[in-house]
Amino acid sequence: MNLNPRRIALTLAAPVLAIAVAFVITSLVLAAVGDPVGTVWKVLLDEPRPRTLVNIVNSATTYYIAAVAVAIGFKMKLFNIGVDGQYRIASFGAALVAGYGWLPGPLNIIFAMLVAMLIGGAWAGIAAWLKVTRGVSEVISTIMLNTISAGLVGWGLRSWGQRPEGSNSRTTTPIPEGSRLEGIALIPDAPNRVYTLILLALLVGVAYWFIINKTRFGFDLRAAGASETAAVASGVDYKRMIFISIVASGAVAGLVGMPAFFGLDHAYGMNFQEGVGFVGIGVALLGRNHPVGIAAAALLWSWLEKSSDGLQLQAGVSPALVYIIQGSILLAVVVAYEVVARIEKRLEQSQVSRQLQAREATEGAPA
Amino acid sequence: MRHSLLKVAALSSAATLTLAACGGSDSDTDATSGGGEGGEGTDVKACLAYDVGGRGDQSFNDSAAKGLDRAKDELKIEAEEVEASQGENDAAREDRLNQLVDAGCTNVIGVGFIYATAMGNAAKANPDVQFAIIDDASEASAGDNVAQLTFAEHEGSFLVGAAAAMKSKSNKVGFIGGMDVPLINKFEAGFEAGAKEVNPDIEVQTKYLAEDGSGFADPAKGQTAAEGMFDKGADVVYHAAGGSGAGVFKAAKAAKKMAIGVDSDQAKTAEADVQDVILTSMVKNVDVAVFDNIKATVDGEKQSGNIVFDLKAGGVDYATTGGKVDDIKDKLEEYKQKIIDGDITVPEK
């Protein structure tokens, strides 16, 4: 890590700039529609209640894994829009298998997670295979696979699901008591608990960082992402890298649903969370594909999301406001990073030219 | 440069903590921001939690909102409303219900069966608050302080089914459901029974749009399904598909056939250019259920368990807007009376 002060200032500049821009845009929108600007920011910056805080952390856990899944693709310049479908079908498959409870307690959990990774990876593998053999854009194929997975899961729920009397929701068989995770009492005074599988998110993050930065495979991946021709020239099997990275992305996407499944829902049903894969894309962008950046972005995202109720109750604004804030932050971040990167480049160039001139001056001077 | 975001987040959360420390208890501010109206004579504060869409959907949620507005006017209560965000899980729903309790609500009403599990949990955690859920009567939401408000949709559907059969010239009618769940099956069963009551030989075509909630918000799918039925000779199509119904009306308009609306009086609420194809609507008076629930609390009663709003209670009915059923109104009223008197028992599935 480079600790030179100018670099630190530049590093901080991008997110600060982005948040400032988002603040201004949102305030303008609020003022334009006649909402109370001051109240909104006060409510947003209020410390959430312990219960809500737990929910923020829990949501962030889910979004974190989804964003890592997306980031794996991004590293290779691949756009896996299918995380949502991979997450859905893998969660359903794992829930189904876990519901049978073939293995006792914790073994059942591990087995279900392996099944989830397998299904997520295989589902993404269809898009990978299409891309490698037929050149089909992964953007198109994964979007289509999302729709297909929704249909398949609906059909699966109908075939193997059950419905309690008087209920309209159909679910898979709930998992046995022994396989349910109590959660961790991480936040004091909260009646609810943080998902135990926040540890899984942590593990995923560490593994992602290690593989991308510390292994030969990670190097190949980054190289192939940076330049196809250069990677091929240096002996990287480009198609193989594409295939592996899409499948890996899908396997991680398969894990997205696990913390909530074992910690809260215990069965897959119609009340399952939708759209997580798409949130993951935003969070990965915001976190710049960096394991720590993604964690901060996931927390920010879910904190904004959980402010929605409070904003409606206390400031009387529409829930759509939160989407506006999220959208403007995302936009501002992308622009801010670009702007700062250019400034950095220009500063570097001028520094280099200054040094060159200085050297010329000294060399040119008569001894 | 990527580590920076965390630093900023840490800084801002530290700032948040300090700010909050100065802010003190925020439940006081909740109560004051609850709107100044009402509040005299009763300390009831009724709060509605909607699913995505909320007030303004011209259908189910709007009907619930109407009940709340009426309670505000007539019972002089305080009121509050919150709408869901897209892509939530039960934890988020439960948190919403709890936030309403924190905001001082004495009555919390969940609009839609999606709140079932969340409501069951929130009700257990807050035994002093009166909860109500619409369209669910499952074990998941049950509790001593939970009123499960359901409707006899099959009875109302029977009447529009009878109307469809009387108006059909081809002896073929259609039913389009948003999603294949028991709630929507009730509409189908009643519709078919009503049509067969009038004409035992009538053909009823049935189609469900999706396996998940998307079937309630996909006008294009609704249109395709209705077009298919009209092509196969049906001349009246009844939809229980929420927002997808707009497509059904469009198809009816194009085919110069008729359609039947659902939940609210759609000859009034649908797009102006298709209102004339709407024969009648199966009206589900969610507002009645919401109002009654709030009124019970104001009167010092405690509603609990499954409360069914049927034809007799005015929970469901058929609409007469547009005057297209005026000529058969007598017969429909006759059926209505028979159902109320118990002479006709409408099947639920």
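Criteria and thresholds
Residues numbered from 1 in each chain as written. Chains lettered and ligands numbered in written order. Predicted model: local features only at pLDDT ≥ 70, side-chain atom pairs only at ≥ 80, totals over all residues. Heavy atoms only, no water. Domains from an automatic or database assignment. Contact = heavy atoms within 4.5 Å. Buried area = accessible area lost by both parts, 1.4 Å probe. Salt bridge = Lys/Arg side-chain N within 4 Å of Asp/Glu carboxyl O. Polar contact = N/O pair within 3.5 Å; in protein donor to acceptor, adjacent residues only side chain to side chain. Helix = DSSP H or I, 4+ residues; strand = E, 2+ residues; numbered from the N terminus. Nonpolar A, V, L, I, M, F, W, Y, C, P; charged D, E, K, R; others polar. Pairing = 2+ DSSP bridges. Axes fitted to C-alpha atoms, helices over the stretch in contact; angles between N-to-C directions.

## Regarding the domain arrangement of chain B
Residues and elements named next belong to chain B.
Line of reasoning, step 1. Examined at the domain level, chain B breaks down into domain 1 (39-151 + 285-315) and domain 2 (153-284 + 319-341).
Line of reasoning, step 2. Here the C-alpha centre of domain 2 lies 28 Å away from the C-alpha centre of domain 1.
Line of reasoning, step 3. Contact residues are listed per partner, giving 13 residues for domain 1 and 14 residues for domain 2.
Line of reasoning, step 4. Buried area between domain 1 and domain 2, both sides added, is near 1,200 Å², and the carbon and sulfur share of it is 58%.
Line of reasoning, step 5. Here domain 1 is connected to domain 2 by 1 salt bridge.
Line of reasoning, step 6. Inspection of the region where domain 1 meets domain 2 yields 5 residue pairs in polar contact (both at pLDDT 80 or more).

## Digging into the interface of chain A and chain B
Line of reasoning, step 1. Across the contact, 51 residues belong to chain A and 53 residues belong to chain B.
Line of reasoning, step 2. A buried area of about 4,800 Å², summed over both sides, lies between chain A and chain B, and 54% of it is on carbon and sulfur atoms.
Line of reasoning, step 3. Of all residues in chain A, Asn168(A), Asp309(A) and Leu313(A) bury the most surface against chain B, accounting for 15% of the area lost on that side.
Line of reasoning, step 4. On the surface where chain A and chain B come into contact, there are 5 salt bridges.
Line of reasoning, step 5. Measuring nitrogen to oxygen at the nearest pair gives 2.7 Å for the salt bridge that ties Arg158(A) to Asp180(B).
Line of reasoning, step 6. Where chain A meets chain B, there are 9 residue pairs in polar contact (both at pLDDT 80 or more).
Line of reasoning, step 7. Elements supplying a minimum of two residues to the side of chain A that touches chain B: α1 (5-32), α3 (50-75), α6 (138-160), α11 (258-265), α13 (291-315) and α14 (320-364) of chain A.
Line of reasoning, step 8. Looking at the side of chain A that touches chain B element by element, the count peaks at 11 residues for α13(A).
Line of reasoning, step 9. When its residues are assigned to classes, the side of chain A that touches chain B shows 20 nonpolar, 16 polar and 15 charged.

## Digging into the sheet that holds strand β9 (residues 258-263) of chain B
Residue and element names in this part refer to chain B.
Line of reasoning, step 1. Judged by pairing direction, the sheet is mixed, and its 6 strands sit side by side in the order β7-β6-β8-β9-β10-β12 without closing on themselves. With partners counted over all chains shown, the strands left at the sheet margins are β7 (203-210) and β12 (316-318), one partner each. For this sheet the average axis-to-axis angle between neighbouring strands, irrespective of direction, equals 15°.
Line of reasoning, step 2. Two elements, strand β6 (residues 172-179) and β7, share 7 bridges in a ladder whose sense is parallel. Within β7, the residue paired with Ile176 across the bridge is Lys207.
Line of reasoning, step 3. Contacts from helix α7 (residues 182-198) reach β6, β7, β8 (236-240), β9 and β10 (278-284) within the one sheet, and its direction differs from that of β6 by about 170°.

## Quick notes on the domain arrangement of chain A
All names here are of chain A.
Line of reasoning, step 1. When cut into domains, chain A gives domain 1 (1-35 + 317-362) and domain 2 (52-315).
Line of reasoning, step 2. When residues of domain 1 are sorted by the area they lose upon contact with domain 2, Val317, Gln326 and Leu330 head the list and together hold 44% of the total.
Line of reasoning, step 3. Across the domain 1-domain 2 interface, the total number found is 0 salt bridges.
Line of reasoning, step 4. Put simply, domain 1 and domain 2 have 3 residue pairs in polar contact (both at pLDDT 80 or more) between them.
Line of reasoning, step 5. The residue makeup of the side of domain 1 that touches domain 2, split by class, is 9 nonpolar, 1 polar and no charged.

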